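An overview of the molecular structure
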Amino acid sequence: GRGCQLIVRSSKKARPKASSTKRGSSAKATSSNRSKDPARYNRYNGLIDEAAHLYQLPDSFIRAVMRVESDFNPKVVSRAGAMGLMQLMPKTARSMGVSDPFDARQNILGGARYLRILANRFKGDLVLTVAAYNAGEGAVEKYDGIPPYKETQRYVRRVLKDYYAYRGGSAP
């Protein structure tokens, strides 16, 4: 990968969940808001490449996160309030300099910037980076690994599966 070292490790045994709240940002696309247009999977290639170059992340990694988060739908909003292609929460969007989370370029660059910050924080560990993107940095630190949230565990598996598919040159 470009500047993002892949480290796969097993996390320590997760401690029991003590009334914590999970972020739950993955948007559930319903038939009414899910785009049927297959061109959506390539529509943002230039922006993904720009973000990958700027933040030194593999384009396949950004693409995988975007596919799982929004299935390339720029207008989707999750129940938790996450918005756009990279499903940025309002506070995260603001902290990444995103003024319009429904603007594809701003959203992709903001999401990639946040992924870079997380990758730096977790020393390039892709698994922890993905878990933190979904559940929050605090949850990953609290559990010293992937939090014991079913949604986050499923999210990490889906992003990594798509990442390896994109990296191998095929669509998931």
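In this numbering scheme, every chain counts its residues from 1 along its sequence in written order. Only residues with pLDDT of at least 70 are given local features in this predicted model, and only at 80 or more are side-chain atom pairs given and counted; all residues enter the totals for whole chains, interfaces and linings. Excluded from the side-chain calculation are hydrogens and water; included are all heavy atoms of the structure.

A word on helix α1 (residues 45-55)
- Think of it in three bands: residues with accessible area under 20% of the maximum for their type are buried, residues over 50% are exposed, and the middle band is partly exposed, with areas taken using a 1.4 Å probe on protein chains only. To qualify as a helix, a DSSP run of H or I must reach at least 4 residues; to qualify as a strand, a run of E must reach at least 2; elements of each kind are numbered from the N terminus. What α1 keeps buried is the set I48, A51, A52 and Y55. Looking straight down α1, one finds that the buried residues subtend no more than 100° of arc, so they occupy a single side. Exposed side chains of α1 directed beyond 90 degrees from the buried face belong to G46, H53 and L54.
- Throughout, a residue-residue contact means that at least one pair of heavy atoms, one from each residue, lies within 4.5 Å. Those residues of α1 hidden inside the fold are in contact with α2 (59-70) and α4 (104-121).
- Within two residues after α1, Q56 carries a phi angle of roughly 50°, on the positive side. In this description, one arc is meant: the one made by directions from the helix axis to the C-beta atoms.

What to know about the environment of F102
- For F102, the position within the fold is in the loop between α3 (90-95) and α4.
- Along the sequence, F102 and N73 sit 29 residues apart, while their C-alpha atoms lie 9.8 Å from each other.
- Those residues in contact with F102 that lie beyond four places of it in its chain are P74, K75, V76, V77, M83 and G84.

So, the nonpolar core
- Among the nonpolar cores identified, the biggest contains 41 residues, and F61, I62 and Y133 are the most heavily contacted of them.
- The residues contacting I62, other than those within four sequence positions of it, are I48, A51, A52, L57, M86, I108 and A112. As used here, the term nonpolar core means buried Ala, Val, Leu, Ile, Met, Phe, Trp, Tyr and Cys residues forming a set that is joined through side-chain atoms within 4.5 Å.

Describing helix α7 (residues 150-167)
- A rise of 1.5 Å per residue sets the reference length of α7, with its 18 residues, at 26 Å; its end C-alpha atoms lie 26 Å apart and thus fit the reference within 8%.
- Looking only at α7, the buried set comprises E151, T152, Y155, V156, V159, L160, D162, Y163, A165 and Y166.
- Packing partners of the buried residues in α7 comprise α2 and α5 (126-135).
- Backbone geometry just after α7 places G169 at a positive phi near 90°. Every helix has an expected span of 1.5 Å times one less than the residues it contains.

A few points about a positive patch on the surface
- Patch rule: a residue counts if its relative accessible area is over 30% and it has no salt bridge; like charges are joined within 9 Å, and nonpolar side chains (Val, Leu, Ile, Met, Phe, Trp, Tyr) within 5 Å. Accessibility throughout is a Shrake-Rupley quantity obtained with a 1.4 Å probe, and a residue counts as covered only by protein chains that appear here. The rule for a salt bridge is simple: a side-chain nitrogen of Lys or Arg has to be within 4 Å of a carboxyl oxygen of Asp or Glu. Counting rule for charge: Lys and Arg are taken as positive, Asp and Glu as negative, and neither His nor the chain ends is counted. Taken as the charge centre is NZ of Lys, CZ of Arg, CG of Asp or CD of Glu, depending on the residue. A grouping of K150, R154, R157 and R158 is seen on the molecular surface, where their side chains present a positively charged patch.
- With respect to the secondary-structure elements, R157 resides in helix α7.

Some details on unusual backbone geometry
- Despite not being glycine, K123 has its phi angle at roughly 55°, a positive value.
- With respect to the helices, strands and loops of the structure, K123 is situated in the loop between α4 and α5.
- Of note, the phi angle at D144 is positive, near 50°, even though the residue is not glycine.
- One can find D144 in the loop between α6 (137-143) and α7.

Quick notes on the environment of K161
- Relative to the elements of secondary structure, K161 occurs in helix α7.
- Overall, the relative accessible area of 56% leaves K161 in the exposed class.

What about the packing of aromatic side chains?
- Pairing of aromatic side chains requires ring centres within 6.5 Å, counting the rings of Phe and Tyr and the six-membered ring of Trp. Pairs whose planes differ by under 30 degrees are stacked, by over 60 edge-to-face, and all others tilted. One pass over the structure, following the stated rule, counts 5 aromatic pairs.
- Following the ring pairs from residue to residue traces out a cluster consisting of F61, Y163 and Y164.
- Working rule: Lys NZ or Arg CZ, within 6 Å of ring centre, within 35 degrees of ring normal, means a charge sits over the ring. The residue whose ring lies beneath R63 is Y166, and the NZ or CZ to ring-centre distance is 5.8 Å.

Coordinates in, geometry out; function isn't part of it.
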